[in-house]
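# Structural overview
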Amino acid sequence: MLGVGTVGTAVLQRWDRLRSQPGFVGLRLVGVADSRRSVHAGAGFPAGEALARLAEREPNVQSFDPLAALGPGGTRIVIDATANDAIAERHASWLAQGVHVVTACKLGQGASLARWSAIRAATRGGARYGAAATVGAGLPLLRTVQSLRAGGDRIHGLAGVLSGSLGWLFSNYDGMRPFSTLVRQAHALGYAEPDPRDDLSGEDVRRKLLILARAAGHELEADDVRVESLVPTALAGLSRAAAFDALELLDAPLRERFRQAHCEGRRLRFIARLDERGASVGLEELPAHDALAQGGGCDNRVALWSDRYPERPLVIQGPGAGAQVTAAALLDDVLAIAGPA
């Protein structure tokens, strides 16, 4: 288990609650690591014990080797709950060595096309890549796209609210309360990325759109996606801490965008879109009756157009943010790989 932040801790807590269930027979947690510490036990240990031992461990700059902790045999699984690019770079190597990877990190399949291709090639040896948690926090988005293609369907386009935090922000923004106040609230609720600018810049949504688009058969590079950032230049160059203190820079521009949309009876939504014109991510003013303008909370809403659904799209909707749903998606992939006891 790599990463014991909000999501990683939720995974480990859920792990201990589920250990007595039949599907967990034969599964052992043999190692846990954060960015500075690691613990492992060949015979396995409860997640609570692993977290306690990790907290007692002195920081160590040496990198943790998951393969050494896993040992040479059996069904070996690395769970990556980090947002670490260097770890995502190792996914293909682990897969090539027969180690399954389950991840919530979008930097594996949502970064360069070369890395995505390497991961895809490495799975041909039999190791599996569980990525349901990378898009939609476990909603059946990737699985649906993959199933449609496996059945011979061609996906022509997709559009949707792919950020639970941005979905929550714009479904709650009324032009009266400062937008910065809502951003801080979303961060406190665990809906936003550690640095809210990752959401507001559109980069997190770009990665999710790339993952879905590539799964749909459109092998795009990151630069092929046009991105409208909500982050003013003055906010972009600050440190994370300083940027959090300066979120009020968002308020005036977004108040004006809301006013314009409201005057036309429209709703602001941050939309990822793939169609015949290309791929884009940005703030759109949607008619109130549009399917993508519906819903609330941190729901993701995605519409798919294909040979099977040419006029009326297939729409998938549900919670798209939060540590608990993401943790559940990670463990669902782990159990699917481990198979029946």
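Conventions we followed
- Residues numbered from 1 in each chain as written.
- Predicted model: local features only at pLDDT ≥ 70, side-chain atom pairs only at ≥ 80, totals over all residues.
- Heavy atoms only, no water.
- Pairing = 2+ DSSP bridges.
- Helix = DSSP H or I, 4+ residues; strand = E, 2+ residues; numbered from the N terminus.
- Axes fitted to C-alpha atoms, helices over the stretch in contact; angles between N-to-C directions.
- Contact = heavy atoms within 4.5 Å.
- Phe/Tyr/Trp six-rings, centres within 6.5 Å; stacked < 30°, edge-to-face > 60°.
- Buried < 20%, exposed > 50% of the residue type's maximum accessible area, 1.4 Å probe, protein only.
- Lys NZ or Arg CZ within 6 Å of the ring centre and 35° of its normal.
- Polar contact = N/O pair within 3.5 Å; in protein donor to acceptor, adjacent residues only side chain to side chain.
- 1 Å grid on protein atoms, 1.4 Å probe; cavity = no way out; pocket = protein on both sides within 12 Å on 5 of 7 lines; lining within 4 Å.
- Points joined across faces, edges and corners; volume = space filled by probe spheres on them.
- Nonpolar A, V, L, I, M, F, W, Y, C, P; charged D, E, K, R; others polar.

### Here's the deal with the sheet that holds strand 5 (residues 129-130)
Here we have three strands laid out as an open sheet, ordered 3-4-5, and parallel in their pairing. Sheet topology places strand 3 (77-80) and strand 5 at the edges, where each strand pairs with a single neighbour. Bridge count between strand 3 and strand 4 (residues 100-103): four bridges; the pairing is parallel. Bridge pairing in strand 4 places Val-78 opposite Val-101.

### A word on the sheet that holds strand 8 (residues 266-275)
The six strands are arranged 7-9-8-6-10-11 in an open sheet whose pairing can be described as mixed. The sheet terminates laterally at strand 7 (225-227) and strand 11 (314-319), the two strands that pair on one side only. Taken pair by pair, the neighbouring strands of this sheet meet at an average axis angle of 25°, ignoring direction. Taken together, the 10 bridges between strand 8 and strand 9 (residues 278-287) define a ladder with antiparallel strand orientation. Across the sheet, Asp-275 pairs through a bridge with Gly-278, a residue of strand 9. This element, helix 7 (residues 141-150), spans strand 6 (155-161), strand 10 (299-306) and strand 11 of the sheet and lies at about 10° to strand 10.

### With respect to the packing of aromatic side chains
Taken as a whole, this structure holds three aromatic pairs when the rule is applied. With a centroid separation of 5.2 Å and an interplanar angle of 85°, the aromatic rings of Tyr-173 and Phe-179 are classed as edge-to-face. Per residue, the accessibility class of Tyr-173 equals that of Phe-179, and both read buried. Three or more aromatic residues link up through ring pairs in this structure, and these residues are Phe-170, Tyr-173, Phe-179 and Phe-258. Directly above the ring of Phe-244 sits Arg-184, whose terminal nitrogen or CZ lies 5.7 Å from the centroid.

### Considerations on the side chain of Arg-273
Counting through the fold element by element, Arg-273 comes out in strand 8. Separated by 2.8 Å, the side chains of Arg-273 and Glu-284 make a polar contact. When near neighbours in sequence (up to four residues on either side) are disregarded, Arg-273 contacts Leu-158, Ala-159, Leu-209, Gly-278, Ala-279, Ser-280, Glu-284, Leu-286 and Leu-292.

### Quick notes on empty space enclosed by the protein
Any empty space left between the atoms is revealed when a probe the size of a water molecule rolls over them. Throughout the structure, instances matching the rule amount to one cavity of 30 Å³ or more. By volume, the largest cavity is sized at about 30 Å³. What lines the largest cavity is simply Ser-165, Leu-169, Val-183, Ala-192, Pro-196, Asp-199 and Leu-200. In terms of residue class, the lining of the largest cavity is made up of five nonpolar, one polar and one charged.

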